[in-house]
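Coordinate inspection notes
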Amino acid sequence: MNTAAWAGVLLSLAAAQPPGGGSEAPRPGWQRMAKSLLYYDADGSLSDEIGLGRWEEASPARVKVKAIEGGTSSDGRFAWTLDKRTTWNSLKTKALESQRLLRFFSPDGKELWSEDGADAPPGSAPLVFSRDGKTCLLALRRASGWYALVKTYLGNTLWEAGPFPKLDSLQISPNGRYGMARWTDPDKTASHSFLDLQAKVRQDVASDRFLLGKTAVDDEGRAFSGSKLVFSFSAAGASR
């Protein structure tokens with residue numbers, strides 16, 4: 001076999017290998033790679049790919065910037081993309097036009113719903129999932145401020161918390177019952193808002209209570225700073 005033919009065989013074998021070089025077909029569902037979202041059908045065949053990244057197109061009068069982010073639920077059943085398009089003046093000192101669209105995808109690879117105005121806080125993705133992917137917390141930015149939307153995987157909005165002057169990050173408990181929004185008022189200190197997503201209750205706690213670093217709300221509606229309990233919905237309910 002000559003060199004060219006042998007090279008063709010090697011390329012064919014490489015193309016047949018699933019990501020990671022293993023012998024098993026990829027698991028059906030969504031996978032996030034460095035520069036794309038991949039969707040594998042029930043047979044393990046790659047049937048869709050969405051490119052992720054940032055692109056810029058300049059002209060003498062303006063600069064167009066396009067950025068696409070993406071992510072998946074922990075089990076790969078659901079996925080999202082955030083498409084941000086901004087048109088600047090030639091010096092990029094003034095935004096002339098801005099569009100943001102979040103798209104949510106189902107386990108069969110189809111788009112289930114979309115949300116205009118979604119955005120990604122600096123410390124978080126624009127959408128965070130519960131463990132089963134059926135409940136999510138979505139960051140939305142409007143003229144009046146930032147909001148945290150509780151949505152189901154079908155696109156139904158269950159509750160909306162806000163406005164927050166500047167949203168820093170979002171987090172949701174694994175069971176999807178509780179959430180947390182960390183936000184900042186430029187004239188005041190940072191705050192943590194703990195959200196009971198079912199009872200639609202919000203409790204604000206000054207962030208200076210969390211001196212030992214990053215915190216998260218758990219399945220029982222509790223938050224710790226290190227090993228110290230600094231917030232609990234059950235305690236807050238009793239105090240009310």
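Let us look at the structure shown here. (Residues numbered from 1 in each chain as written. Predicted model: local features only at pLDDT ≥ 70, side-chain atom pairs only at ≥ 80, totals over all residues. Heavy atoms only, no water.)

Details of the environment of Met-33
Residue position: Met-33 is located in the loop between β1 (29-32) and β2 (36-40). Separated by 18 residues in sequence, Met-33 and Gly-51 place their C-alpha atoms 9.5 Å apart. Apart from the residues within four sequence positions on either side, Met-33 is in contact with Leu-38 and Leu-52. (Helix = DSSP H or I, 4+ residues; strand = E, 2+ residues; numbered from the N terminus. Contact = heavy atoms within 4.5 Å.)

Here's the deal with unusual backbone geometry
Note that the residue after Gly-162, namely Pro-163, is joined by a cis bond; omega there is 0°. Tracing the sequence through the fold places Pro-163 in strand β12 (residues 157-164). Positive phi values are uncommon outside glycine, yet Lys-92 reaches one of about 60°. Checked against the element boundaries, Lys-92 lands in the loop between β6 (79-89) and β7 (95-105). The class for Lys-92 is partly exposed, based on a relative accessible area of 35%. If you check the backbone angles, Lys-200 has positive phi at about 60° while not being a glycine. Mapped onto the secondary structure, Lys-200 falls in the loop between β15 (190-196) and β16 (201-206). Looking at Lys-200, the relative accessible area reads 46%, which means it is partly exposed. (Buried < 20%, exposed > 50% of the residue type's maximum accessible area, 1.4 Å probe, protein only.)

Looking at the nonpolar core
Ranked by size, the top nonpolar core spans 16 residues in total, and within it Leu-137, Phe-164, Leu-167, Leu-170 and Leu-197 carry the most contacts. In this structure Leu-170 touches Ser-124, Pro-126, Val-128, Leu-137, Leu-138, Ala-139, Ala-148, Met-180 and Ala-181, once residues within four positions along its chain are discounted. Counting residues in each nonpolar core, the second largest holds 15 residues, with Leu-127, Phe-129, Leu-140 and Tyr-147 among its members. (Core = buried A, V, L, I, M, F, W, Y, C linked by side-chain atoms within 4.5 Å.)

Thoughts on the pairing of strand β8 (residues 111-116)
Two strands pair when backbone bridges link them, and β7 and β8 are joined in this way by 5 bridges, in the antiparallel orientation. Each bridged residue has a counterpart across the sheet, and for Leu-102 the counterpart in β8 is Glu-115. Counted between consecutive antiparallel strands, the loop separating β7 from β8 contains 5 residues, among which Gly-109 sits at a positive phi close to 85°. (Pairing = 2+ DSSP bridges.)

Considering the sheet that holds strand β11 (residues 145-152)
Ordered in space as β9-β10-β11-β12, the 4 strands form an open sheet in which the pairing is antiparallel. This sheet does not close on itself; its edge strands, each paired only once, are β9 (127-129) and β12. For this sheet the average axis-to-axis angle between neighbouring strands, irrespective of direction, equals 20°. Relative to β12, β11 runs antiparallel, the two sharing 5 bridges. Each residue of the ladder has a partner; that of Val-150, found in β12, is Trp-159. (Axes fitted to C-alpha atoms, helices over the stretch in contact; angles between N-to-C directions.)

Brief notes about the sheet that holds strand β5 (residues 62-72)
Read across the open sheet, the 5 strands follow the order β4-β5-β6-β7-β8; overall the sheet is antiparallel. Where the open sheet ends on each side, the last strands, each with one partner, are β4 (53-58) and β8. Neighbouring strand axes in the sheet, compared pairwise and without regard to direction, differ in orientation by 15° on average. Two elements, β6 and β7, share 10 bridges in a ladder whose sense is antiparallel. Each bridged residue has a counterpart across the sheet, and for Leu-82 the counterpart in β7 is Leu-102.

As for the side chain of Ser-232
Along the chain, the position of Ser-232 falls in strand β18 (residues 228-232). Of the polar contacts made by the side chain of Ser-232, one reaches the side chain of Ser-234; its length is 2.8 Å. Not counting chain neighbours up to four residues away, the residues in contact with Ser-232 comprise Gly-221 and Arg-222. (Polar contact = N/O pair within 3.5 Å; in protein donor to acceptor, adjacent residues only side chain to side chain.)

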